[in-house]
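# Commentary on secondary and tertiary structure
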Amino acid sequence: MNVAVMKTKAEQGLLEAFDAVSGKLPGGAAVMARRAEAIGRFGALGLPHRRIEEWKYTDLRSSLKQALPPAIDDRTPVTIAELIVALGPLAHLDAYRVAFVNGQHRGVLDDFGEASGLEVRALAADLTAAPEKLAPGLIDPSEYDGAITALNTAFVTDGAIVRVGDGVRLAKPLLVIFVRAGREAQAVAVRNVLSIGAGADATLIEAHVVLPGACQEAQVNSRSEVSVGKGAAVRHAKVAVDSGRTVHLSNWDIWLDAEAAYRGFQFTMGQGLARNGIRIGFGGEGGKLDLSGAYLVRGQEHVDTTLVVDHAVPGCESRELFKGVLDGQGRGVFQGKIIVRPDAQKTDGKQMSQALMLSEDAEFDSKPELEIFADDVVCGHGTTSAELDPDLLFYCKSRGIPESEARALMIESFIGEAIDKVEDASLRAALMAYTKGWLAGSTR
Amino acid sequence: MLEVKNLHVKLEDEGRVILKGLSLTVPKGEVHAIMGPNGSGKSTLAYVLAGRDGYEVTEGDILWNGESLLEMEPDERAAKGVFLAFQYPMEIPGVAGLTFLRTALNALKKKRGEPEVTTPAFMKLVKERGQKLDIDIEMLKRPVNVGFSGGEKKRSEILQMALLEPTLCVLDETDSGLDIDALRIVAEGVNALRSPDRAFLVITHYQRLLNYIVPDKVHVLADGRIQKTGGKELALELERSGYAGYTGKAA
């Protein structure tokens, strides 16, 4: 028997929003059919809620109170100088740059210099001109069935399509910037399709930032699909820093070919509710994954990291380290699943999730899962939550360091262990600068 | 001058009384040793001087240069020149030794209204003072005390003392866990800091340390009070006869 579930106000709002804007979304008939199908799928699924295992600690159905109007064909003026301000510590990065304002490519803010072997296009243009050239996510829906991805497919306006040629070594990181601007509370849906050729070497950084004075509320749905070619080396990071009231729904879908070395990092700060979904699949032997993240949570903020590492082939290595600092009534969630399929002998997987609790009202939920179907593997996971050690604070204070500085020193050192996983020194410095700013009390 | 007056201290948690009317005076320029059996209250005295939480002063006072320390936070005491070399120096994972030293030095300078130390000047200072204690810069690039041997931890305490230049130095069982060579290095480090405007309180269970750091006075602490005060020869006497005469039982 089918029971018709009452739609929440937000669910109803999302369906209505689609009807209102679908005619203005980019893409020809084929893309439109995909969008219609996706919103239909969302209509059937509804928003994910706590009775769905992967959403056990993040009940989006109850916490998303309303659907904000989608940003379409945005014209909010943003100057380079304003973009620099929005980038904050990230502005110091010496990087190629592609910029999107409220989910729409803004070519005047781009900066490529002469980057040979690097191809960057706006998704919106391809949706209209050549949808068949896009990655499976937009063309073949069969492998993605989640409600968040369905919403992304239905509403996506733009994003970066990046191709790094075989054997190309990018001289500088590519910074893909999504900046929020303007006074209206809006919903933004973007999708990146990043493909790194065999033997290539590249650093890709996604930055979700906000202009000072922009509306504090927003709903962002960001999806990145990354394929890493045989023997390629990729550093990939996402930095999502906002004003503390935004909803940030992110999905990374990563596929690694044989011998690929992939380092992923996610930094989350000032998000009212963030859900960082990460899915990584090994497609060939000898792949190496080093995935880590740091998040800073205060007030009533909520940051959820839910990842699945799928060892489908033998002889791959995976490492995860996620660290969160939780203050106020903040909540951190970590769900990490490592699947080792029957063929995936000689898998080496290790996972660690740690929280530092600065308040008695903060909450940390951690759920590591190992699903091992092969017998010759080395796998382990761990999780810890702790408060600042009063003995260490005394030790610091006895050397003349005031309490607030001693606390900051210890919090920085805690989170620094995760940030140290970032290879790029200027990105590391930017993330530490964000952390110091957070400790000093400002969100951005 | 350090003046401890009729100090009564109990443990906040269990309510057990540890110090029962301890009085003591250490003038500047002097080194005083406190010796006593285990459980006599030696470490409690050290922690109360530095301002650690968990101890309640029920009676008496501690004056440093005429100013009461009791209401001051540990970092304020440090700014007044108080330094405690810990019996068990703590490990701080993730904080590099150099960062820790520099943060402490600059915090103290800020409180004293002095300009912060520049990077080249700081590095020169650390190299110079570290060398005397056989501490390499590479060692200080590692997290504070993490993975250090007992001797390395004690030398690193003395290096902190040499850099922060306190005027009241309290050494809590600095000799424990040291072999004879490490003991000599540590003692030389301490002796190098002896000066007319610095007071030392050296807490130890054994006389051995006092062969290297020769005290002006020796106090015997037992059952929460100073039982006897004498010259350096008192330490030798204790070495021969033990603490039995002070506690009523063999120590």
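Residues numbered from 1 in each chain as written. Chains lettered and ligands numbered in written order. Predicted model: local features only at pLDDT ≥ 70, side-chain atom pairs only at ≥ 80, totals over all residues.

### Things to note about the sheet that holds strand 10 (residues 199-204) of chain B
Residues and elements named next belong to chain B. Condition: Should DSSP find at least two bridges between two strands, the strands are taken to pair. Strands here mean DSSP runs of E at least two residues long; helices mean DSSP runs of H or I at least four residues long; both are numbered from the N terminus. For helices, the fitted line uses only the C-alpha atoms of the stretch in contact; every axis is such a line through C-alpha atoms, and the angle between N-to-C directions lies from 0 to 180 degrees.
Taken in spatial order, the six strands line up as 6-9-10-3-11-12 in an open sheet, and their pairing is mixed. This sheet does not close on itself; its edge strands, each paired only once, are strand 6 (82-85) and strand 12 (225-230). In this sheet, adjacent strand axes meet at a mean angle of 20 degrees when their direction is disregarded.

### What to know about the environment of Phe18 of chain A
Our working rule: Residues are treated as contacting if the C-beta atoms built from their backbones sit within 7 Å of each other.
Tracing the sequence through the fold places Phe18 of chain A in helix 1 (residues 9-21). Every residue in contact with Phe18 of chain A, bar those within four places of it in the chain, is listed here: Ile39 and Ala154 of chain A.

### Focus: helix 1 of chain A
All names here are of chain A. The line we're drawing: A helix's residues, less one, multiplied by 1.5 Å, set its expected span. Exposed residues have 12 or fewer other C-beta atoms within 10 Å of their own C-beta, buried residues have 20 or more, and partly exposed residues fall in between, where C-beta atoms are placed from the backbone. Directions pointing from the helix axis toward each C-beta atom define the arc.
Spanning 13 residues, helix 1 covers 18 Å between terminal C-alpha atoms, matching the ideal 18 Å at 1.5 Å per step. Regarding helix 1, the residues found buried are Ala10, Glu11, Leu14 and Phe18. Buried residues of helix 1, seen end-on, are gathered within an arc of 105 degrees and therefore sit on one face of the element. The outward face of helix 1, more than 90 degrees from its buried face, is lined by the exposed residues Lys9, Glu16, Asp19 and Ala20. On the buried face of helix 1, the contacting elements are helix 2 (29-45) and helix 7 (147-155).

### Notes on the sheet that holds strand 14 (residues 302-311) of chain A
Residues and elements named next belong to chain A. The strand order across the open sheet built from nine strands is 3-4-6-8-10-12-14-16-18, with neighbouring strands paired in mixed fashion. Looking at the sheet topology across the chains shown, the edges are occupied by strand 3 (118-122) and strand 18 (363-372). The average angle at which neighbouring strand axes cross in this sheet is 10 degrees, direction not considered. Bridge count between strand 4 (residues 160-164) and strand 6 (residues 186-196): four bridges; the pairing is parallel. Pairing of Val164 across the sheet is with Ile196, part of strand 6. Relative to strand 8 (residues 218-228), helix 7 is tilted by about 95 degrees, and along the sheet it contacts strand 6, strand 8 and strand 10 (247-256).

### Comments concerning unusual backbone geometry
The phi dihedral of Asn102 of chain A is positive, around 45 degrees, even though this residue is not glycine. With respect to the helices and strands, Asn102 of chain A occurs in the loop between strand 1 (96-101) and strand 2 (104-105). Positioned with a positive phi, Asp223 of chain B is a non-glycine residue whose angle comes to about 55 degrees. Note that Asp223 of chain B resides in the loop between strand 11 (217-222) and strand 12.

### Side note on the confidence of the model for chain B
Residues and elements named next belong to chain B. Here is the rule we go by: Scored from 0 to 100, pLDDT reflects the predictor's confidence in each residue.
Mean pLDDT over chain B works out to 93, with 98% of the residues at or above the 70 mark. Predicted confidence in chain B is weakest over helix 10 (residues 244-247), with a mean pLDDT of 79, and strongest over strand 5 (residues 67-68), with 98. With a pTM of 0.89, the predicted complex shows an ipTM of 0.96.

### Notes on the interface of chain B and chain A
The following threshold applies: Note on residue classes: Ala, Val, Leu, Ile, Met, Phe, Trp, Tyr, Cys and Pro are nonpolar, Asp, Glu, Lys and Arg are charged, and everything else, Gly too, is polar.
On the chain A side, the residues contacting the 21 residues of chain B number 17 residues. Of all the secondary structure elements, the ones that give two or more residues to the side of chain B that touches chain A are helix 2 (74-79), strand 7 (92-96), helix 3 (97-111) and helix 6 (150-164) of chain B. Sorting elements by how many residues they give to the side of chain B that touches chain A places helix 3 of chain B first, with five residues. Grouping the amino acids of the side of chain B that touches chain A by side-chain chemistry returns 13 nonpolar, three polar and five charged.

### Observations regarding the domain arrangement of chain A
Residue and element names in this part refer to chain A. Note the cut-off: Domain delimitation in this document rests on an assignment produced automatically or drawn from a domain database.
The domain architecture assigned to chain A consists of domain 1 (9-388) and domain 2 (389-444). Between the C-alpha centres of domain 1 and domain 2 there is a distance of 26 Å. When residues of the side of domain 1 that touches domain 2 are traced back to their parent elements, those giving at least two are strand 7 (201-210), strand 9 (233-241), strand 11 (261-269), strand 13 (288-297) and strand 15 (317-326). At five residues, the largest contribution of residues to the side of domain 1 that touches domain 2 is made by strand 13.

### Some words on the nonpolar core
The nonpolar side chains of a soluble globular protein tend to be buried with one another. For clarity, the cut-off: As used here, a nonpolar core is made of buried Ala, Val, Leu, Ile, Met, Phe, Trp, Tyr and Cys residues. They are joined through C-beta atoms within 7 Å.
Val179 of chain A together with Val170 of chain B are the most contacted members of the largest nonpolar core, which has 204 residues in total. The two domains that each donate at least three residues to this core are domain 1 (9-388) and domain 2 (389-444) of chain A. When neighbours within four sequence positions are excluded, Val179 of chain A is seen to be in contact with Val78, Leu83, Ala86, Ala99, Val101, Val209, Val210 and Leu211 of chain A.

### Some remarks on the pairing of strand 10 of chain B
Residue and element names in this part refer to chain B. Strand 10 sits mainly inside the fold: six of its six residues count as buried. Pairing of strand 3 (residues 31-35) with strand 10, which is carried by five bridges, proceeds in the parallel orientation. Looking across to strand 10, one finds that Ile34 is bridged to Ile203. Of the pairings in the sheet, the one linking strand 9 (residues 168-172) to strand 10 comprises five bridges and is parallel in character. By the bridge assignment, Cys169 is partnered in strand 10 with Phe200.

### Details of the packing of helix 9 (residues 403-419) of chain A against helix 10 (residues 425-439) of chain A
All names here are of chain A. As a reminder, the rule being used: Crossing handedness follows the turn of the near helix against the far one: under a right angle anticlockwise gives a left-handed crossing, and clockwise gives a right-handed one.
Interhelical geometry of helix 9 versus helix 10 gives an angle of 150 degrees and a closest axis separation of 10 Å. Helix 9 and helix 10 meet at a crossing whose hand is right-handed. Contact residues: helix 9 offers Ala408, Ile411, Glu412, Ile415, Gly416 and Ile419, while helix 10 offers Arg428, Leu431, Met432, Thr435 and Leu439. Across the contact of helix 9 with helix 10, the residue classes tally to seven nonpolar, two polar and two charged.

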